[in-house]
Amino acid sequence: MEDTIFDKILRKEIPSDIVYEDDVVLAFRDINPQAPTHVLVIPKEHHPDAAALAAEAPQIAADVLREAQAVADEEKLESYRIVFNTGSGAGQTVWHAHTHVLGGRGLEWPPG
Ligand code: 5GP
């Protein structure tokens, strides 16, 4: 199993600004925020990307989405974006499935 920076964050070997944690998911602020709110939600179970997560553990995928929505509610975001970069061509850099919750500013469409 690949050991990514997010696996180290999960094991608390690297500090992070955690906004929520339970037995299934961890939510923490992105170290390089692209918006006033930029929170990452990751499953505790290791899956390399969103496609693998959806195929191998759809209930956990649903839990990640539930928590992404909870973050948006907690941050009082009226409009926001939930993004799973999947594959290097789409900007994925960490090979532990995660979603970004982005909000607090206007977000253009289409994305870059
Ligand atoms: P990706 O590009 O794979 O979709 O998203 C990875 C995200 O992880 C990036 O937005 C990046 O800023 C964030 N990131 C990378 N290393 C760290 C870290 O050590 N701590 C935190 N909090 N975020 C990180």
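Here we summarise the structure given alongside this text. (Residues numbered from 1 in each chain as written. Predicted model: local features only at pLDDT ≥ 70, side-chain atom pairs only at ≥ 80, totals over all residues. Heavy atoms only, no water.)

## A short note on the side chain of Asp 63
Link 1 in the chain: Its location among the elements puts Asp 63 in helix H3 (residues 58-74).
Link 2 in the chain: With near-sequence residues (within four places) excluded, Asp 63 lies in contact with Val 24 and Val 25. (Helix = DSSP H or I, 4+ residues; strand = E, 2+ residues; numbered from the N terminus. Contact = heavy atoms within 4.5 Å.)

## Here's the deal with unusual backbone geometry
Link 1 in the chain: Following Trp 109, the chain continues into Pro 110 via a peptide bond in cis, with omega recorded as 5°.
Link 2 in the chain: Relative to the helices and strands, Pro 110 resides in the segment after strand E5 (99-103).
Link 3 in the chain: In the Ramachandran plot, Lys 12 falls in the positive-phi region, its phi being about 65° despite a non-glycine side chain.
Link 4 in the chain: The class of Lys 12 is partly exposed, set by a relative accessible area of 47%.
Link 5 in the chain: With a phi close to 60°, Lys 76 is a non-glycine residue in the positive phi region.
Link 6 in the chain: Considering the arrangement of structural elements, one finds Lys 76 in the loop between H3 and strand E4 (80-83).
Link 7 in the chain: According to the relative accessible area criterion, Lys 76 is exposed, its value standing at 71%. (Buried < 20%, exposed > 50% of the residue type's maximum accessible area, 1.4 Å probe, protein only.)

## Some remarks on the layout of surface pockets
Link 1 in the chain: Put simply, the largest pocket is a space of about 750 Å³.
Link 2 in the chain: The wall of the largest pocket is formed by 31 residues, among which Asp 30, Gln 34, His 38, Asn 85 and His 100 lie closest to the centre.
Link 3 in the chain: At the level of elements, helix H1 (5-10), strand E2 (25-29), strand E3 (37-43), E4 and E5 are the ones that each hand at least two residues to the lining of the largest pocket.
Link 4 in the chain: Looking at which element gives the most residues to the lining of the largest pocket, the answer is H1, with 3 residues.
Link 5 in the chain: Considered class by class, the residues forming the lining of the largest pocket number 14 nonpolar, 11 polar and 6 charged. (1 Å grid on protein atoms, 1.4 Å probe; cavity = no way out; pocket = protein on both sides within 12 Å on 5 of 7 lines; lining within 4 Å. Points joined across faces, edges and corners; volume = space filled by probe spheres on them. Nonpolar A, V, L, I, M, F, W, Y, C, P; charged D, E, K, R; others polar.)

## A few points about the site of the ligand
Link 1 in the chain: Near the ligand you find 16 residues, and of these Asp 30, Asn 85, Gly 91, Thr 93 and His 100 are the closest.
Link 2 in the chain: Backbone polar atom of Ile 31 to a nitrogen atom of the ligand: 3.3 Å apart, as the coordinates give it.
Link 3 in the chain: In the model, an oxygen atom of the ligand is placed 2.8 Å from a nitrogen or oxygen of the His 100 side chain.
Link 4 in the chain: Comparing atom positions with the cavity grids shows the ligand to sit within the largest pocket.
Link 5 in the chain: Every element with two or more residues in the shell around the ligand is listed here: H1 and E2. (Near = heavy atom within 4 Å. Polar contact = N/O pair within 3.5 Å; in protein donor to acceptor, adjacent residues only side chain to side chain. Sits in = over half its atoms within 2 Å of the grid points.)

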